[in-house]
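Spelled out, the chains give:
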Amino acid sequence: MQIKHFGLVLQIISGLQNFDKDNVASVVTAADKILKLTMETRRILPLVTLSVTVPHTLSLPDQAKLAEQLEQEGVDIIQTEGGKCSNPSKSGVLGLIEKATPTLAAAYSISRAVKIPVMCASGLSAVTAPMAITAGAAGVGVGSAINKLNDVVAMIAEVRSIADSLGLSSNIESELEKGRGLRV
């Protein structure tokens, strides 16, 4: 399964994510626990598309190793993270790059270790989303870049900005004109 861009629609039916923003105490960061949860999920739901987030708390070599193990267990998509732990010391473009550095490094390392798509997420912006693709990610996740905004118009503008940075705006407009819609 090769995905060049998540430009049209990618529906992840089931995902194991290790970050629960409402209950940080429930975070699962141990590789063996993530692997065990993945194996159990795959056993119970053998036909769903499964996405698993590799925790940024692991070293890069350990993230790549876990991603390889997850691939062997039948995971369909690996997601990176790391922007939430990053506290940029600079403002502007330099700060945006600094914030995304952990997830970009993870995308680079993991995408070279596995054959399945890697989705780079956490701390990305219109500035850094193209860097994620260059680093080896098949797609990007930009939840906090959108969710932090309080205005629907600002949210749409941010999505368009990120799509523009990835060269996807014409694809999105084409799909909307065809009446297919998009899922975010």
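The rules we used
- Residue positions are given per chain, counting from 1 as you read along its sequence in written order.
- Local features in this predicted model are restricted to residues of pLDDT 70 or higher, and side-chain atom pairs are both shown and tallied only at a pLDDT of 80 or more, whereas totals for entire chains, interfaces and linings draw on every residue.
- The basis for every side-chain value is the complete set of non-hydrogen atoms in the structure, without hydrogens or water.
- By salt bridge we mean one thing: a side-chain nitrogen of Lys or Arg within 4 Å of a carboxyl oxygen of Asp or Glu.
- Secondary structure is summarised from DSSP: a helix means a run of H or I of at least four residues, a strand means a run of E of at least two, and numbering begins at the N terminus for each.
- Burial here depends on accessible area, computed with a 1.4 Å probe over protein chains only, as a share of the maximum for the residue type. Under 20% is buried, over 50% is exposed, and the range in between is partly exposed.
- A helix's residues, less one, multiplied by 1.5 Å, set its expected span.
- For this quantity, the arc is that covered by the directions from the helix axis to the C-beta atoms.
- Paired strands are those between which DSSP finds at least two bridges.
- For crossovers, right-handed means that the path from the first strand over the helix to the second runs clockwise, given strands pointing away from the viewer.
- Contacts are assigned to residue pairs that have any heavy atoms within 4.5 Å of one another.
- Confidence of the predictor at the level of single residues is given by pLDDT, which spans 0 to 100.

Comments concerning the pattern of salt bridges
Scanning the model with the defined rule gives 2 salt bridges in all. Note that E40 and R43 form a salt bridge whose closest N and O atoms lie 2.5 Å from each other. Of the two residues, E40 and R43 are both situated in helix α1 (residues 31-44); the distance of 3 residues between them amounts to about one turn of the helix. Taking relative accessible area as the criterion, R43 reaches 58% and is therefore assigned exposed. Note that D76 is salt-bridged to R42, the shortest N-O span being 3.0 Å. Taken as a pair, D76 in the loop between α2 (60-72) and β3 (77-79) and R42 in helix α1 lie far apart in primary sequence, 34 residues in all. Its relative accessible area of 22% is what places D76 among the partly exposed residues. Given the relative accessible area of 14%, R42 is considered buried.

Some thoughts on α1
If you check α1, its first and last C-alpha atoms are 20 Å apart, about what 14 residues at 1.5 Å a residue would give, namely 20 Å. All of the buried residues along α1 are I34, L35, T38, T41 and R42. In an axial view of α1, the angular spread of the buried residues amounts to 130°, which keeps them on one side of the axis. For α1, the exposed residues lying more than 90 degrees away from the buried face are D32, K33, K36, R43 and I44.

Examining the pairing of strand β2 (residues 50-53)
A regular strand places its side chains on the two faces of the sheet in alternate fashion. Residues of β2 alternate between two faces, with L50 and V52 on one and S51 and T53 on the opposite face, all of them buried. As judged from the 3 bridges shared by β2 and β3, these two strands associate in the parallel manner. Of the residues in β3, the one forming a bridge with S51 is I77. The parallel pair β2 and β3 is bridged by α2, and the resulting crossover is right-handed.

Looking at unusual backbone geometry
Phi angles above zero are rare outside glycine, and S122 is one such case at about 95°. Along the polypeptide, S122 turns up in the loop between β4 (118-121) and α4 (129-135). We classify S122 as buried; its relative accessible area is 15%.

Regarding the environment of A100
Mapping A100 onto the fold places it in helix α3 (residues 92-111). In this structure A100 comes out as buried when scored by relative accessible area, which is 0%. Measuring from C-alpha to C-alpha, the distance between A100 and P88 comes to 9.1 Å, with 12 residues separating the pair along the chain. In contact with A100, other than residues within four places in its own chain, are G123, L124 and T128.

Structural notes on the confidence of the model for the protein chain
On average, the protein chain scores 79 in pLDDT, and the residues at 70 or more come to 73%. Here strand β1 (residues 14-16) stands out as the least confident element of the protein chain, with mean pLDDT 41; α2 is the most confident, with 96. Contacts of residues 1-26 to residues separated by more than four positions or lying in other chains number 59 contacts, the stretch itself having pLDDT below 50. Note that pLDDT drops below 50 for residues 180-184; the model gives that stretch 10 contacts with residues more than four away or on any other chain.

Some details on the environment of S125
Tracing the sequence through the fold places S125 in the loop between β4 and α4. Residues S125 and K99, 26 residues apart in the sequence, show an inter-C-alpha distance of 9.6 Å. Look past the residues within four positions of S125 in its chain and what remains in contact with it is L96 and I162.

Details of the pairing of β4
Taking every second residue as pointing to the same face, both faces of β4 are buried, with V118 and C120 on one and M119 and A121 on the other. Alignment of β3 against β4, held across 2 bridges, turns out to be parallel. Residue pairing in the sheet places I78 in a bridge with V118 of β4. Pairing analysis gives 3 bridges linking β4 to strand β5 (residues 139-141), with the strands arranged parallel. Bridge pairing links M119 to G139 in β5.

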